[in-house]
Every structure is written in structure tokens, then in C-alpha cells.
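Observations on the model geometry
What follows is the residue order along each chain.
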Amino acid sequence: MKLPEIKPCPHCGSPARLDTQRFKVDYTSTLQAEYAVECTNLKCWATVGPQDTPREAIDVWNQRAT
Ligand SMILES: [Zn+2]
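This is a predicted model, so every value here is computed, not measured. (Residues numbered from 1 in each chain as written. Predicted model: local features only at pLDDT ≥ 70, side-chain atom pairs only at ≥ 80, totals over all residues.)

Check the secondary structure of the protein chain and you find one helix and three strands. The order of α-helices and β-strands along the protein chain, N terminus first, is β-β-β-α. Classification of the 66 residues of the protein chain by burial places 15% in the buried group. Partitioning the intrachain contacts of the protein chain with sequence separation of at least 6 by distance along the chain shows that 39% fall at a separation of at least 24. (Helix = DSSP H or I, 4+ residues; strand = E, 2+ residues; numbered from the N terminus. Buried ≥ 20, exposed ≤ 12 C-beta atoms within 10 Å, placed from the backbone. Contact = placed C-beta atoms within 7 Å.)

Now the structure itself:
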């Protein structure tokens, strides 16, 4: 599955990247993943998510960027 292109940050214009966060759910010990899109400018902190799928995270980000 090809993911949509991630638009630049609407706040500062820097490239944004997809971030995958994996964490353990204590009571089941299963690994879950969440996806966020965040600005690569460390002084900006723009971020969306977490969402359940990479596509959702990118869609939410791109909607905000337009
Ligand atoms: Zn930014």
C-alpha cells in the first residue's frame, strides 16, 4: 500500500515525518502500534495523532496543512 505524500508543516514549512510508536498494553502483553505525523523542526512541535493507521495520521496532517 502506497501512502499519501506528507505535506510540509503548516506552521513553519519544514518537512514532516511519520512516526511509529509501539507500546505494550500491560494487561494483554500484546504490542500495539500508533502512528503520528510530526514536524521535523524541533522548535516547532507541530504534531497530529496518534492514529490507528499510518494513512489516517497522514490524512489528518494533510487536512490541517491545506
Ligand atoms: Zn513545523
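For the peptide bond that leads from Gly-49 to Pro-50, omega is 0°, which places it in the cis range. Residue placement: Pro-50 occurs in strand 3 (residues 47–51). The backbone phi angle of Trp-45 is positive, close to 70°, even though this residue is not glycine. With respect to the helices and strands, the residue Trp-45 is situated in the loop between strand 2 (30–39) and strand 3. The exposure class assigned to Trp-45 is exposed, which follows from the 11 C-beta atoms found within 10 Å.

What follows deals with the environment of Pro-15. Locating Pro-15 in the fold gives a position in the segment before strand 1 (16–25). Judged by the 11 C-beta atoms lying within 10 Å of it, Pro-15 falls in the exposed class. The residues touching Pro-15, leaving out its near neighbours within four places in the chain, are Pro-8 and Thr-40.

Turning to its location among the elements, Asn-62 is positioned in helix 1 (residues 54–65). On the neighbour-count criterion, Asn-62 (17 C-beta atoms within 10 Å) is partly exposed. Placed 53 residues apart in sequence, Asn-62 and Cys-9 show a C-alpha to C-alpha distance of 8.9 Å. With near-sequence residues (within four places) excluded, Asn-62 lies in contact with Pro-4 and Lys-7.

This next bit is on the nonpolar core. The biggest cluster of nonpolar side chains holds nine residues, and these are Cys-9, Ala-16, Tyr-35, Val-37, Cys-39, Val-48, Ala-57, Ile-58 and Trp-61. In contact with Tyr-35, other than residues within four places in its own chain, are Leu-18, Thr-20, Gly-49, Pro-50, Gln-51, Thr-53, Pro-54 and Ala-57. (Core = buried A, V, L, I, M, F, W, Y, C linked by C-beta atoms within 7 Å.)

This brings us to the confidence of the model for the protein chain. Residues at a pLDDT of 70 or more form 85% of the protein chain, whose mean pLDDT is 88. When the elements of the protein chain are averaged for pLDDT, strand 1 gives the smallest value, 82, and helix 1 the largest, 92. (pLDDT = per-residue confidence, 0-100.)

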